[in-house]
Amino acid sequence: METESFKAKASRWTWGNHLFPTVIEVTDRAVIRHKRSWFSKDEISISITKVASIHVKTGMIWANILIESSGGTDPLSSHGHRKADAQRIRAMVEDLQGVVAVPEKLKLS
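Residues numbered from 1 in each chain as written. Predicted model: local features only at pLDDT ≥ 70, side-chain atom pairs only at ≥ 80, totals over all residues. Heavy atoms only, no water.

Overview of the pattern of salt bridges
Within this structure, the stated rule accounts for 3 salt bridges. A salt bridge links Glu43 to Lys41, with the shortest nitrogen-to-oxygen separation between them at 3.4 Å. With its nearest N and O atoms 3.1 Å apart, the salt bridge here joins Arg82 to Asp85. Looking at Arg82, the relative accessible area reads 48%, which means it is partly exposed. By relative accessible area, which is 11% here, Asp85 ends up buried. (Salt bridge = Lys/Arg side-chain N within 4 Å of Asp/Glu carboxyl O. Buried < 20%, exposed > 50% of the residue type's maximum accessible area, 1.4 Å probe, protein only.)

Given below as structure tokens:
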């Protein structure tokens, strides 16, 4: 099965994203947040199997995303994304979690 990678870039019009917008990438293995600054890059990743919940809070124009893990680490948060991108991130993670869970269910039968 071929999986796709999806990148959602935060708007430059939102606070904290003017020069270096936050990017959330969803792959078949993890959800990764990339945050740049002048001299460094901060990356946080959570394995698809360890995602406990996804909270999408939408406003008039932009959406905030909070992804919590079951591993006890800090949640992955980002603000200033388009509403459609935030919904796409949630849908992809839920779909990938379903694909990962199916083989485990087949083993038990």
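We are not done yet, so read on.
Re the sheet that holds strand E1 (residues 6-9)
A sheet is described by the order of its strands in space; here 4 strands give the open sequence E1-E2-E3-E4, paired in antiparallel fashion. Taken across any chain shown, the strands that pair with only one partner, and hence form the sheet edges, are E1 and strand E4 (41-47). Pairwise comparison of adjacent strand axes, ignoring direction, gives a mean angle of 15° for this sheet. As judged from the 4 bridges shared by E1 and strand E2 (residues 23-26), these two strands associate in the antiparallel manner. The partner of Lys7 across the bridge, within E2, is Glu25. (Pairing = 2+ DSSP bridges. Helix = DSSP H or I, 4+ residues; strand = E, 2+ residues; numbered from the N terminus. Axes fitted to C-alpha atoms, helices over the stretch in contact; angles between N-to-C directions.)

Overview of the confidence of the model for the protein chain
On average, the protein chain scores 84 in pLDDT, and the residues at 70 or more come to 87%. Across the protein chain, the secondary-structure element scoring lowest on mean pLDDT is helix H1 (residues 83-108), at 78, and the one scoring highest is strand E5 (residues 51-58), at 94. (pLDDT = per-residue confidence, 0-100.)

Some details on the sheet that holds E5
Taking strand neighbours across the sheet as the criterion, the 3 strands line up as E5-E6-E7 in an open arrangement whose pairing is antiparallel. One side of each edge strand has no neighbouring strand; the edge strands of this open sheet are E5 and strand E7 (76-82). Between one strand axis and the next, the sheet turns through 20° on average, direction left out of account. Two strands pair when backbone bridges link them, and strand E6 (residues 62-69) and E7 are joined in this way by 5 bridges, in the antiparallel orientation. From the neighbouring strand, Leu66 faces E7, where its bridge partner is Ser77.

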